[in-house]
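Inside the fold
One-letter residues, chain by chain:
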Amino acid sequence: MSKKQKTVAVHAGSRLTGSKAVPVSPAIYPAAVNWFDSSDDLDGALDGKDYAYARISAPNTTLLEEAVAALEGADACVAYASGMAALRSVFEAQGFRPGDRLVMPADGYGVTRLLYKNLCAALGVELHALLMTDARTPERIRELKPRMVLSESITNPLLRVPDLRALAKASHDVGAAFVVDATFPSPVGQRALDFGADYAVQSTSKWLNGHSDALGGTVSASAARIAPLRSARILAGDVLGPFEAWLTLRGLRTLPVRMKAHAEHAAHVARRLSDSPLLERVIYPGLPSHPDHAVAKELLNGGGPMVAFEVKGIGRPESMRFLEHLRICKPGPSLGDVCTLVMHAASASARRMTAEERAAAGIQENLIRVSVGLEDPDDIVEDLLGAVAQVVRR
Ligand code: PLP
């Protein structure tokens with residue numbers, strides 16, 4: 001059949017023929033819609049046997065989900081448009097009813113706190129914010145009998161390391177789902193499912209992607225727990241785009257070697273910062289002075305990629321000026337990049353918490369969080385201490 005130019009413009013060049021080549025780097029499939037020669041195949045695809053419509057499933061997302069599930073040691077994984085979408089979906093999958101209870105970290109990521117606060121308020125669910133490293137917390141969970149318990153593997157921003165085994169045991173004793181946001185160590189630093197988590201959540205925007213060029217989130221769990229999340233995602237539509245999935249998978253290829261180097265650099269930076277008379281305290285789970293050092297040795301592979309410190313005698317204005325004095329490290333409100341990202345915790349990750357919530361969590365105005373990059377670690381230390389020296393009152 002001969003085709004007019006308008007028809008050619010719409011249909012020509014839409015199928016590769018005659019090649020058996022398998023690309024080493026997977027192809028990017030931006031198609032939101034797929035068509036089939038056979039109506040039976042289309043029918044099957046709409047039942048989930050193949051790719052029909054990208055809100056249901058899409059090839060680049062499938063590849064990423066397979067890779068993350070393998071890294072987490074999980075049966076299955078489902079990917080989302082962001083880490084927050086992943087956290088929201090896990091919450092929604094629990095079937096909360098008015099009067100139910102949720103336990104979450106008092107000292108965790110401020111945006112998660114606000115999201116869960118809003119979701120709980122809308123449903124009449126009681127939110128209990130507890131310090132997950134407090135030795136009394138497992139007993140409190142048994143008393144509260146919540147429907148869900150959320151912990152972070154390494155808390156954001158104070159880098160406390162809860163004993164997931166004790167929290168998992170307490171949660172399971174009362175039938176609660178135990179969810180762990182394992183973004184800070186990544187699955188290389190800790191496989192949360194190995195320590196009793198029912199769900200391991202990642203903001204892939206951080207270490208898994210590793211280059212700050214794509215947002216994303218994942219939930220990994222048993223096949224039985226992932227199936228309802230996958231169905232809910234079709235309705236909610238909070239899917240990851242193909243380009244983001246592709247970039248994240250490319251970043252993930254180097255995750256183990258990157259994480260080893262990030263942790264080695266972080267340990268070096270923490271040791272050297274500890275000698276500075278300008279700092280009140282240096283927080284790093286790999287240092288013997290860290291309150292959870294013993295737990296960290298058992299639960300983390302290395303001391304992790306994050307360091308935090310409190311500068312002597314400064315408040316918010318000086319902390320802000322400190323950020324402007326950095327010459328190598330970047331004052332960016334995130335973590336997980338190949339370059340060092342530095343953040344003033346109270347005004348960034350804890351920004352959405354109230355002043356009272358920050359005080360209860362122990363987040364002070366002189367607290368700086370560092371996502372240690374792959375630059376020379378001595379250059380990182382000198383940049384940080386050089387900027388501190390500019391603002392500290394002597
Ligand atoms: N969980 C933690 C521990 C985080 O630090 C963040 C973001 O900073 C998130 C979840 C949210 O992830 P996203 O920004 O991909 O929505």
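Keep in mind that this is a model prediction, so the values were computed, not measured.

1. As for the pairing of strand β1 (residues 76-80)
- The buried count for β1 comes to five of five residues, which makes it a mostly enclosed element.
- The two faces of β1 match: Ala 76, Val 78 and Tyr 80 on one face and Cys 77 and Ala 79 on the other face are all buried.

2. A short note on the sheet that holds strand β3 (residues 126-130)
- Pairing is mixed across the open sheet formed by seven strands, whose spatial order is β1-β7-β6-β5-β4-β2-β3. Here the strands that pair on one side only, and so sit at the sheet edges, are β1 and β3. With direction set aside, neighbouring strand axes in the sheet form an average angle of 20°.
- The sheet contacts of helix α6 (residues 137-144) involve β2 (101-105), β3 and β4 (148-152), and relative to β3 the element is tilted by about 170°.
- Seen against the sheet, helix α9 (residues 223-236) touches β1, β5 (177-181), β6 (199-203) and β7 (217-221) and runs at an angle of roughly 25° to β1.

3. With respect to the packing of aromatic side chains
- All chains considered together, the criterion is met by three aromatic pairs.
- Ring centres of Phe 91 and Phe 96 lie 4.5 Å apart, and the angle between their planes is 25°; on these two criteria the pair is classed as stacked.
- Residue class for Phe 96 comes out buried when judged on its relative accessible area of 9%.
- When the ring of Phe 91 is compared with that of Tyr 116, the centres are 5.2 Å apart and the planes differ by 45°; the resulting orientation is tilted.

4. Details of the environment of Thr 218
- Following the sequence through the fold, Thr 218 ends up in strand β7.
- Since its relative accessible area comes to 0%, Thr 218 is described here as buried.
- When the C-alpha atoms of Thr 218 and Val 68 are compared, they prove to be 7.8 Å apart, with 150 residues separating the residues in sequence.
- Sequence-distant contacts of Thr 218, that is, excluding residues within four places in its chain, are made with Val 68, Cys 77, Val 78, Ala 79, Ala 86, Ala 200, Val 201, Gln 202 and Thr 204.

5. Describing the site of the ligand
- Surveying the vicinity of the ligand reveals 14 residues, the closest of which are Gly 83, Asp 181, Ser 203, Ser 205 and Lys 206.
- Note that an oxygen atom of the ligand is positioned 3.1 Å from one of the side-chain N or O atoms of Asn 156.
- For the ligand, whose unbound accessible area comes to 390 Å², protein coverage reaches 91%.
- In terms of residue class, the shell around the ligand is made up of five nonpolar, seven polar and two charged.

6. Let's talk about the pattern of salt bridges
- For the structure shown, the criterion picks out 23 salt bridges.
- Each of the salt bridges in this network shares a partner with another, and the network as a whole consists of Glu 139, Arg 142, Lys 169 and Asp 173.

7. Observations regarding the nonpolar core
- Residues Phe 178 and Ile 363 are the most contacted members of the largest nonpolar core, which totals 55 residues.
- Val 269, Val 282, Phe 309 and Val 381 belong to the second largest nonpolar core, which has 30 residues in total.

8. Some details on the side chain of Thr 248
- Relative to the helices and strands, Thr 248 is located in helix α10 (residues 242-252).
- Since its relative accessible area comes to 0%, Thr 248 is described here as buried.
- Ignoring sequence-local partners within four residues, the contact set of Thr 248 consists of Leu 64, Thr 204, Leu 208, Asn 209 and Ala 214.

9. A closer look at the side chain of Ser 371
- On the secondary structure map, Ser 371 appears in strand β11 (residues 367-371).
- A relative accessible area of 1% means that Ser 371 is categorised as buried.
- Within the structure, Ser 371 has its side chain in polar contact with the backbone nitrogen of Gly 336 (distance 2.9 Å).

Each value, and the rule that gives it
Residues numbered from 1 in each chain as written. Predicted model: local features only at pLDDT ≥ 70, side-chain atom pairs only at ≥ 80, totals over all residues. Heavy atoms only, no water. Buried < 20%, exposed > 50% of the residue type's maximum accessible area, 1.4 Å probe, protein only. Helix = DSSP H or I, 4+ residues; strand = E, 2+ residues; numbered from the N terminus. Pairing = 2+ DSSP bridges. Axes fitted to C-alpha atoms, helices over the stretch in contact; angles between N-to-C directions. Contact = heavy atoms within 4.5 Å. Phe/Tyr/Trp six-rings, centres within 6.5 Å; stacked < 30°, edge-to-face > 60°. Near = heavy atom within 4 Å. Polar contact = N/O pair within 3.5 Å; in protein donor to acceptor, adjacent residues only side chain to side chain. Areas by Shrake-Rupley, 256 points an atom, 1.4 Å probe, with all protein chains shown as cover. Nonpolar A, V, L, I, M, F, W, Y, C, P; charged D, E, K, R; others polar. Salt bridge = Lys/Arg side-chain N within 4 Å of Asp/Glu carboxyl O. Core = buried A, V, L, I, M, F, W, Y, C linked by side-chain atoms within 4.5 Å.

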